[in-house]
Amino acid sequence: MTKLEKLMQEFCPDGVEYKKICEIATIARGVRLVREQLKSEGEIPVFQNSLKPLGYHDKSNVKANAVFVIGAGAAGEIGYSKVDFWAADDCYYFICPQGLNNRYLYFVLMKNQPLLLSRVRKASIPRLSRTVIENLIIPVPSLELQHEIVRILDSFTELTAELTAELTARKKQYEYYLSLIHISEPTRP
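Criteria and thresholds
Residues numbered from 1 in each chain as written. Predicted model: local features only at pLDDT ≥ 70, side-chain atom pairs only at ≥ 80, totals over all residues. Heavy atoms only, no water. Core = buried A, V, L, I, M, F, W, Y, C linked by side-chain atoms within 4.5 Å. Buried < 20%, exposed > 50% of the residue type's maximum accessible area, 1.4 Å probe, protein only. Helix = DSSP H or I, 4+ residues; strand = E, 2+ residues; numbered from the N terminus. Pairing = 2+ DSSP bridges. Axes fitted to C-alpha atoms, helices over the stretch in contact; angles between N-to-C directions. Patch = residues over 30% accessible without salt bridge, like charges linked within 9 Å, V, L, I, M, F, W, Y side chains within 5 Å. Areas by Shrake-Rupley, 256 points an atom, 1.4 Å probe, with all protein chains shown as cover. Salt bridge = Lys/Arg side-chain N within 4 Å of Asp/Glu carboxyl O. Polar contact = N/O pair within 3.5 Å; in protein donor to acceptor, adjacent residues only side chain to side chain. 1 Å grid on protein atoms, 1.4 Å probe; cavity = no way out; pocket = protein on both sides within 12 Å on 5 of 7 lines; lining within 4 Å. Points joined across faces, edges and corners; volume = space filled by probe spheres on them. Nonpolar A, V, L, I, M, F, W, Y, C, P; charged D, E, K, R; others polar. Contact = heavy atoms within 4.5 Å. Expected span 1.5 Å × (residues − 1).

Visitor: Could you give an account of the nonpolar core, naming the residues involved and the relevant values?
Guide: As a rule of thumb, soluble globular proteins bury nonpolar side chains together. In this structure, I21, V67, F94, L105, L109, I133 and I138 are the most contacted members of the largest nonpolar core, which totals 27 residues. In terms of residues, this core owes the most to one element, helix α3 (residues 102-111), which gives 6 residues. Residues F47, F68, F85 and A87 belong to the second largest nonpolar core, which totals 10 residues.

So, in structure tokens, the structure goes:
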């Protein structure tokens, strides 16, 4: 029996409870910044309508290790920031109570990203309604189980990154040795 199975037996003998996100976490909307408030470099990234920072700001409005969802532009994209950041007005972020692990919420949202993306209104600017996010029903196991799930998934994420880096290095090595083989046409007398 795996550690995860043991934890499920111990903490969730009757199964896992499912709840709407709005019942277990606060969803907040970021605050608009004007272009003059942005910097091209800095330590506090500003997330607006993409997972790529729009720029940088002097202060943050969201603490590190937070989950966020882009509401317009790249609507439905899900991010996780390990550093403090500024959430602009097209960015929804989550304030999790003690019984909900931020990183667990991130993985659950990533699992449900196809559903979120299917609910994006495709107008001139794609938009995802806050209501769609609030009404998403997710599994909420015990905090101990959440921590173990996060540990396992983070391990796989690290392993995937290592394997990708190794594969990239091997492809470069292959291309290098392949480039050493030079076939030329024989010279004609």
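Past the structure itself, the notes keep going.
Visitor: Let's hear about the sheet that holds strand β8 (residues 91-95): which residues, and what values?
Guide: Pairing is antiparallel across the open sheet formed by 4 strands, whose spatial order is β2-β8-β5-β6. If you trace the sheet from one side to the other, it starts and ends with β2 (26-29) and β6 (78-81), each paired once. Adjacent strand axes in the sheet meet at a mean angle of 30°, parallel and antiparallel pairs treated alike. Pairing of strand β5 (residues 66-70) with β6, which is carried by 4 bridges, proceeds in the antiparallel orientation. Across the sheet, the residue bridging to V69 is I78, located in β6.

Visitor: Run through a nonpolar patch on the surface, naming residues and quoting values.
Guide: Residues L153, F156, L159 and L163 make up a contiguous nonpolar surface patch of roughly 380 Å² in combined accessible area. With respect to the element layout, L163 can be found in helix α6 (residues 143-180). Since its relative accessible area comes to 54%, L163 is described here as exposed.

Visitor: For α3, give the residues involved together with the corresponding values.
Guide: Along an α-helix, residues three or four apart share an orientation, since each turn contains 3.6 residues. Counting buried residues in α3 gives 7 out of 10 residues, a clear majority hidden from the surface. For α3, the set of buried residues is R103, Y104, L105, Y106, F107, V108 and L109. Two or three places before R103, at the opening of α3, N101 has a side-chain oxygen 2.7 Å from that residue's backbone nitrogen.

Visitor: An account of the layout of surface pockets is requested, with residue identities and associated values reported.
Guide: Estimated volume of the largest pocket: approximately 180 Å³. In terms of residue class, the lining of the largest pocket is made up of 5 nonpolar, 1 polar and 3 charged.

Visitor: Summarise the environment of F94; cite the residues concerned and give the values.
Guide: For F94, the location among the structural elements is in strand β8. Each C-alpha atom of the pair F94 and Y106 lies 9.7 Å from the other, and the pair is 12 residues apart in sequence. Discounting residues that sit within four places of it in the chain, F94 has contacts with I21, T26, I27, V67, F68, V69, L105, L109 and I133.

Visitor: Go over the side chain of H57 with me, naming the residues and quoting the values.
Guide: Within the secondary structure layout, H57 lies in strand β4 (residues 55-57). Only 3.2 Å separates the side chain of H57 from the backbone oxygen of Q37, close enough to count as a polar contact.

Visitor: Explain the sheet that holds strand β7 (residues 86-87) to me, and be specific about the residues and the numbers.
Guide: Strand pairing within a sheet occurs via backbone hydrogen bonds; the two strands may be parallel or antiparallel. Spatially, 3 strands are ordered β4-β3-β7 in an open sheet, and the strand pairing comes out mixed. Looking along the sheet, the strands with just one partner apiece sit at the ends: β4 and β7. Bridge count for strand β3 (residues 44-47) against β7 is 2 bridges, and the pairing is parallel. Following the sheet pairing, V46 is matched in β7 by W86.

Visitor: Before we move on, could you go through α6 and cite the residues and values that matter?
Guide: In a regular helix each residue adds 1.5 Å, so 38 residues correspond to 56 Å; α6 covers 56 Å between its end C-alpha atoms and thus fits that length. Within the span of α6, buried status applies to L145, Q146, E148 and V150.

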